[in-house]
Amino acid sequence: MARREISGSRAIVTGASSGIGRALAVELARQGASVVATARREDRLDELRATIESAGGTVVTVPGDVTDPATRRQLIKTARERFGGLDVLVNNAGVGAMGRFEEADPERLRRVMEVNFFAPVELIRLALPLLSQGTQPIIVNVSSILGLRATPYSSEYSASKFAMQGFSEALRTELIRNHVDVLVVSPGTTETEFFDSVLEKKGEPAWPEHTPVTPEAVAAATIRAMRKGRHAIIPYRWGRVFCWLNRLSPRLMDAIMARYS
Ligand SMILES: NC(=O)c1ccc[n+]([C@@H]2O[C@H](COP(=O)([O-])OP(=O)(O)OC[C@H]3O[C@@H](n4cnc5c(N)ncnc54)[C@H](OP(=O)(O)O)[C@@H]3O)[C@@H](O)[C@H]2O)c1
């Protein structure tokens with residue numbers, strides 16, 4: 001029995017111009033949600049709107065940078081004015097940066113934290129009054145398996161995703177009284193534009209070959225988890241093994257990671 005109905009819900013999805021966010025926006029709309037979709041690339045949002053509308057779905061697009069407070073205010077205003085409220089907030093927009101910490105400048109850390117942590121947290125702050133009045137409301141924070149176990153060459157990115165895990169854990173218990181759920185999605189390697197859009201690439205570990213999953217599979221797993229009222233998912237089989245191994249023996253995992261540093 002589903003704990004949450006997607007049909008009829010009102011959702012904001014950040015980072016909806018590509019990858020996991022786009023797949024989530026399309027699938028939420030297909031299942032009957034009204035979606036406010038945002039990202040910086042307006043042409044991509046236009047294409048998304050055409051895709052959703054041609055399938056009979058409902059979407060409003062808000063182009064903008066999620067680190068800009070004006071964009072965040074516009075998202076909440078749009079949900080309120082166009083859909084009369086908000087039930088689902090998906091914080092998915094994110095960026096990576098790759099390379100050794102000692103070779104990076106402070107700006108790389110600032111930018112990664114701005115996009116992956118401060119922006120979603122401030123969007124949650126703005127959304128909470130509206131979400132608390134919603135129907136079966138939920139916040140979905142897209143983290144990463146690197147927010148559960150960090151790897152070399154991704155110190156800033158891992159830190160931003162660990163921050164999101166800790167924040168979400170605290171928030172989940174605080175929001176029980178508001179009846180707002182918090183789901184953390186920790187994807188593993190997913191076939192998106194993510195690795196082409198990194199802020200900086202100054203080296204990366206030579207990982208063994210591993211097959212990525214599709215963003216559609218991550219979106220489907222996320223929506224299943226939303227329906228069931230789950231708190232956390234890792235929508236990647238090898239990611240689950242990776243995290244399990246780390247819990248079993250962090251020292252062994254450190255030794256394995258050191259071989260790739
Ligand atoms: N792909 C993976 O292997 C993987 C693994 C674990 C976790 N994740 C997480 O999954 C989430 C989605 O990533 P993805 O894999 O789908 O990558 P993607 O295809 O590159 O999508 C990232 C999205 O975030 C948006 N975005 C980036 N910076 C933004 C900003 N400053 N303001 C507004 N929007 C911004 C991008 O849109 P614009 O460029 O148009 O603004 C794009 O829509 C991220 O949080 C990422 O950390 C991905």
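Residues numbered from 1 in each chain as written. Predicted model: local features only at pLDDT ≥ 70, side-chain atom pairs only at ≥ 80, totals over all residues. Heavy atoms only, no water.

Caption draft 1: Inspection of the site of the ligand at higher detail. Around the ligand, the surrounding shell holds 32 residues, and the nearest of these are Ser 17, Arg 40, Asn 92, Tyr 157 and Thr 192. Measuring from a nitrogen atom of the ligand, one finds a backbone N or O atom of Val 66 at 2.9 Å. Within the complex, the protein chains bury 96% of what would otherwise be the 880 Å² of accessible surface of the ligand. Of all the secondary-structure elements, those providing two or more residues to the shell around the ligand are α1 (19-30), α4 (106-132) and α5 (155-174). Here the shell around the ligand is built from residues that sort into 12 nonpolar, 14 polar and 6 charged. (Near = heavy atom within 4 Å. Polar contact = N/O pair within 3.5 Å; in protein donor to acceptor, adjacent residues only side chain to side chain. Areas by Shrake-Rupley, 256 points an atom, 1.4 Å probe, with all protein chains shown as cover. Helix = DSSP H or I, 4+ residues; strand = E, 2+ residues; numbered from the N terminus. Nonpolar A, V, L, I, M, F, W, Y, C, P; charged D, E, K, R; others polar.)

Caption draft 2: Just the nonpolar core, in detail. By size, the foremost hydrophobic cluster in this structure holds 32 residues, and its most contacted members are Leu 28, Val 35, Val 90 and Met 226. If you list the elements that add at least two residues to this core, you get β1 (10-14), α1, β2 (34-39), α2 (42-54), β4 (88-91), β5 (138-142), β6 (181-185) and α6 (215-228). Beyond its immediate sequence surroundings of up to four residues, Val 35 is in contact with Ala 11, Val 13, Ala 25, Leu 28, Ala 29, Thr 58, Val 59, Val 60 and Phe 83. (Core = buried A, V, L, I, M, F, W, Y, C linked by side-chain atoms within 4.5 Å. Buried < 20%, exposed > 50% of the residue type's maximum accessible area, 1.4 Å probe, protein only. Contact = heavy atoms within 4.5 Å.)

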